[in-house]
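An overview of the molecular structure
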Amino acid sequence: HNEQIQFELEREAQNQVDQERQNFASFQESVKAKLTEIHGAYKRYKGKCSDLVEEQAGLIRDRNELQDKYAQKTAQARRLQEICENLQKENQKLKKIQGAPL
């Protein structure tokens, strides 16, 4: 009768061990799936960050180009304004010399 009880206890213990192994395997699979999901999200986020950094660099280049063009156009406008003023002054001098309106 002791052997029967010993056998039942061993069988029950083995069933518990098997159940715990199954639970652990299931837990391990769920952790692995979650880790894979997180890793995929990290890779997508990293790619998005890289894209945003590239876009930012492009916008900075565009801004710098626009600032350079604006500076050139402003300098050109100043030169043209000076030329225009000089021509007006010269025209006024010629009017005074000739004594007649042009």
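Summary of the structure given here. (Residues numbered from 1 in each chain as written. Predicted model: local features only at pLDDT ≥ 70, side-chain atom pairs only at ≥ 80, totals over all residues. Heavy atoms only, no water.)

Right, let's get into the overall build of the chain. A count of helices and strands for the chain gives 1 helix and 0 strands. Counting only C-alpha atoms and orienting by the principal axes, one finds that the chain spans roughly 145 × 15 × 15 Å. The buried share of the chain, taken over its 102 residues, is 2%. Summing over all exposed atoms, the chain offers an accessible surface of approximately 9900 Å²; the carbon and sulfur share of this is 55%. Across the chain, the 18 positively charged side chains and the 17 negatively charged ones have centroids separated by 22 Å. (Helix = DSSP H or I, 4+ residues; strand = E, 2+ residues; numbered from the N terminus. Buried < 20%, exposed > 50% of the residue type's maximum accessible area, 1.4 Å probe, protein only. Areas by Shrake-Rupley, 256 points an atom, 1.4 Å probe, with all protein chains shown as cover. Lys, Arg positive; Asp, Glu negative; His and termini not counted. Charge placed at Lys NZ, Arg CZ, Asp CG, Glu CD.)

Mapped onto the secondary structure, K93 falls in helix 1 (residues 2-98). According to the relative accessible area criterion, K93 is exposed, its value standing at 57%. Along the chain, K93 and G58 lie 35 residues apart, while their C-alpha atoms are 52 Å from each other.

This part is about the pattern of salt bridges. A complete count under the given rule lists 2 salt bridges for this structure. Between E37 and K34 there is a salt bridge whose closest N-O contact spans 3.6 Å. A residue pair is termed a helical-turn pair when its members lie 3 or 4 positions apart in one helix, as E37 and K34 do in helix 1 at 3 residues. A relative accessible area of 45% means that K34 is categorised as partly exposed. (Salt bridge = Lys/Arg side-chain N within 4 Å of Asp/Glu carboxyl O.)

Bringing a nonpolar patch on the surface into the picture now. Side chains of F24, F27 and V31 sit close together on the surface and give an oily, nonpolar patch of about 320 Å² of accessible area. Its place among the elements puts V31 in helix 1. (Patch = residues over 30% accessible without salt bridge, like charges linked within 9 Å, V, L, I, M, F, W, Y side chains within 5 Å.)

It is worth spelling out helix 1 at this point. Taking 1.5 Å per residue as the helical rise, helix 1 with its 97 residues ought to reach 144 Å, and the 141 Å between its terminal C-alpha atoms agrees with that figure. Of the residues flanking the end of helix 1, it is G99, one or two places downstream, whose phi is positive at about 75°. (Expected span 1.5 Å × (residues − 1).)

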